[in-house]
Amino acid sequence: DTAVSQTPKYLVTQMGNDKSIKCEQNLGHDTMYWYKQDSKKFLKIMFSYNNKELIINETVPNRFSPKSPDKAHLNLHINSLELGDSAVYFCASSLPGSGANVLTFGAGSRLTVL
Amino acid sequence: GEDVEQSLFLSVREGDSSVINCTYTDSSSTYLYWYKQEPGAGLQLLTYIFSNMDMKQDQRLTVLLNKKDKHLSLRIADTQTGDSAIYFCAETGGGYQKVTFGIGTKLQVIP
């Protein structure tokens, strides 16, 4: 069983469209994340949810809206897609406590905006 | 704010040791991590070190931390072709244990 699964793995769409990426984890973790990895492999955090509550919201355009229906799921909806949104989006989860915050990543969703 | 820097590329011969370096700016960093990303895959944790330690060894991997200089390194002994990947340094510090990643070092192992 995949620990952190994302769908779809590949997404090709036109500028201006709206699309969603879904993420599910079966690890019992409390915290989930969205990271964006650009073409230069730079990995930047976008959002983090802890038990369905938004706790990290980096400087991300309002066109990106995360939703966490329960602590095992975190979805990312993107409105009015732009060329610069092309990237690989990684979902991750963790169980942060007083020790190390070890992230378990999904395989990524490669978004290409034409 | 937090900033994590790494060199972009490292090439080594199979069987040699690889040393990947990282510097960070956040003096409140509590844990520092090394992740590995193979092509087309997500990142996988290799190892981590608590900020009050200066060394950690795990089989072929040795992590060295110089907290004064905010310098972290990962040594891979007897590097194999399967070690070819991108290696990310990361740190947690501040609220919510936010994990900040470096830009990644691409390790190429030449047979």
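All of the points below concern the structure found in this document. (Residues numbered from 1 in each chain as written. Chains lettered and ligands numbered in written order. Predicted model: local features only at pLDDT ≥ 70, side-chain atom pairs only at ≥ 80, totals over all residues. Heavy atoms only, no water.)

Quick word on the nonpolar core
Put simply, the rule reads: Joining through side-chain atoms within 4.5 Å is the link that ties buried Ala, Val, Leu, Ile, Met, Phe, Trp, Tyr and Cys residues into a set, and such a set is a nonpolar core. Think of it in three bands: with a 1.4 Å probe and only protein chains considered, a residue is buried below 20% of the maximum accessible area for its type, exposed above 50%, and partly exposed in between. In DSSP terms, a helix is any run of H or I states spanning at least four residues, a strand is any run of E spanning at least two, and both are numbered starting from the N terminus. The contact rule is simple, with two residues in contact once any of their heavy atoms fall within 4.5 Å.
Ranked by size, the top nonpolar core spans 21 residues in total, and within it A:Y35, A:L43, A:L103, A:F105, B:Y35, B:L43 and B:F101 carry the most contacts. When contributions to this core are tallied by element, the ones reaching two or more residues are β4 (31–37), β5 (43–50), β6 (53–57) and β9 (87–94) of chain A together with β4 (31–37), β9 (85–92) and β10 (99–101) of chain B. In contact with A:L43, other than residues within four places in its own chain, are A:Y35, A:K36, A:Q37, A:F90, A:F105, B:L43 and B:F101. Counting 20 residues, the second largest nonpolar core, distinct from the first, contains A:I21, A:Y49, A:F64 and A:C91.

Observations regarding the packing of aromatic side chains
Stated formally: We call Phe, Tyr and Trp rings a pair once their centres come within 6.5 Å, taking the six-membered ring for Trp, and we label the pair stacked below 30 degrees between planes, edge-to-face above 60, and tilted otherwise. Only when the NZ atom of a Lys or the CZ atom of an Arg is both within 6 Å of the ring centre and within 35 degrees of the ring normal do we say a charge sits over the ring.
The final tally for this structure, using the stated rule, is 13 aromatic pairs over all chains. Ring geometry for A:F64 against A:Y89: centres 6.3 Å apart, planes inclined by 35 degrees, an arrangement best described as tilted. Remark: A:Y89 occurs in strand β9 and A:F64 occurs in strand β7 (residues 64–70); sequence separation between them is 25 residues. Comparing A:F64 with A:Y89 shows no difference in burial state: the two are buried. Where B:Y31 meets B:F50, the ring centres are 4.9 Å apart and the plane angle is 40 degrees; that geometry is what we call tilted. You can see B:Y31 sitting in strand β4 and its partner B:F50 sitting in strand β5 (residues 43–50), a full 19 residues away along the chain. Through pairs of rings, three or more aromatic residues link up here, namely A:Y33, A:Y35, A:F90, A:F105, B:Y31, B:Y33, B:Y35, B:Y48, B:F50, B:F88 and B:F101. The lysine or arginine in question, B:K56, covers the ring of B:Y48, its NZ or CZ lying 4.4 Å from the ring centre.

A closer look at the pattern of salt bridges
All names here are of chain A. Under the convention used in this document: Should a side-chain nitrogen of Lys or Arg be within 4 Å of a carboxyl oxygen of Asp or Glu, the pair is scored as a salt bridge.
Taken as a whole, this structure holds seven salt bridges over all chains when the rule is applied. Taking the shortest distance from any N to any O, the salt bridge between E82 and R63 comes out at 3.5 Å. Taken together, the residues span a long stretch of sequence, with E82 in the loop between β8 (73–78) and β9 and R63 in the loop between β6 and β7 at a distance of 19 residues. Of the residues examined, E82 reaches a relative accessible area of 42% and is grouped as partly exposed. In this structure, a network of salt bridges that share partners links the residues R63, E82 and D85.

Here's the deal with the environment of A:S20
Residue and element names in this part refer to chain A. For clarity, the cut-off: Side-chain atoms alone can form a polar contact between residues adjacent in sequence; in general such a contact is a pair of N or O atoms within 3.5 Å, and within protein one must be able to donate a hydrogen while the other accepts it.
With respect to the secondary-structure elements, S20 resides in strand β3 (residues 19–25). According to the relative accessible area criterion, S20 is partly exposed, its value standing at 35%. Linking S20 and S65, residues 45 residues apart in sequence, is a C-alpha distance of 9.4 Å. Apart from residues no more than four positions distant in its own chain, S20 is found in contact with P8, L11, L76 and H77. Engagement of the side chain of S20 in a polar contact is seen with the side chain of H77, the distance being 2.6 Å.

A look at the sheet that holds β7(A)
Residues and elements named next belong to chain A. Heads up, the condition is: Note on pairing: DSSP must find at least two bridges between two strands before they are called paired. Helix axes use the C-alpha atoms of the stretch in contact, all axes being lines fitted to C-alpha atoms, and the angles between their N-to-C directions lie in the range 0 to 180 degrees.
In spatial order, the strands read β1-β3-β8-β7; together these four strands make up an open sheet with antiparallel pairing. At either end of the open sheet lies a strand with only one pairing partner, and these are β1 (4–7) and β7. Between one strand axis and the next, the sheet turns through 15 degrees on average, direction left out of account. In this sheet, β3 lies alongside β1 in antiparallel orientation, the contact comprising four bridges. Residue S5 lies in a different strand from β3, and its bridge partner there is E24.

Regarding the state of the cysteines
All names here are of chain B. We count it as follows: Defined by distance alone, a disulfide is two cysteine sulfur atoms within 2.5 Å.
All chains considered together, the criterion is met by two disulfides over all chains. Sulfur-sulfur distance for the disulfide between C22 and C89 comes to 2.0 Å. Of note, the bridge from C22 to C89 carries an S-S torsion of about -65 degrees and is left-handed in sense. Of the two residues, C22 sits in strand β3 (residues 18–24) while C89 sits in strand β9, which places them 67 residues apart along the sequence.

Considerations on the pairing of strand β6 (residues 55–58) of chain B
All names here are of chain B. By the bridge criterion, four bridges tie β6 to strand β7 (residues 61–66) in an arrangement that is antiparallel. The residue bridging K56 from the neighbouring strand is V63, located in β7. Between β6 and β7, which follow one another and run antiparallel, lie two residues, and Q59 among them has a positive phi close to 55 degrees.

Considering the sheet that holds strand β1 (residues 4–6) of chain B
Residues and elements named next belong to chain B. Reading across the sheet, the five strands line up as β1-β3-β8-β7-β6 and stay open at both edges, with antiparallel pairing between neighbours. Looking at the sheet topology across the chains shown, the edges are occupied by β1 and β6. Adjacent strand axes in the sheet meet at a mean angle of 15 degrees, parallel and antiparallel pairs treated alike.

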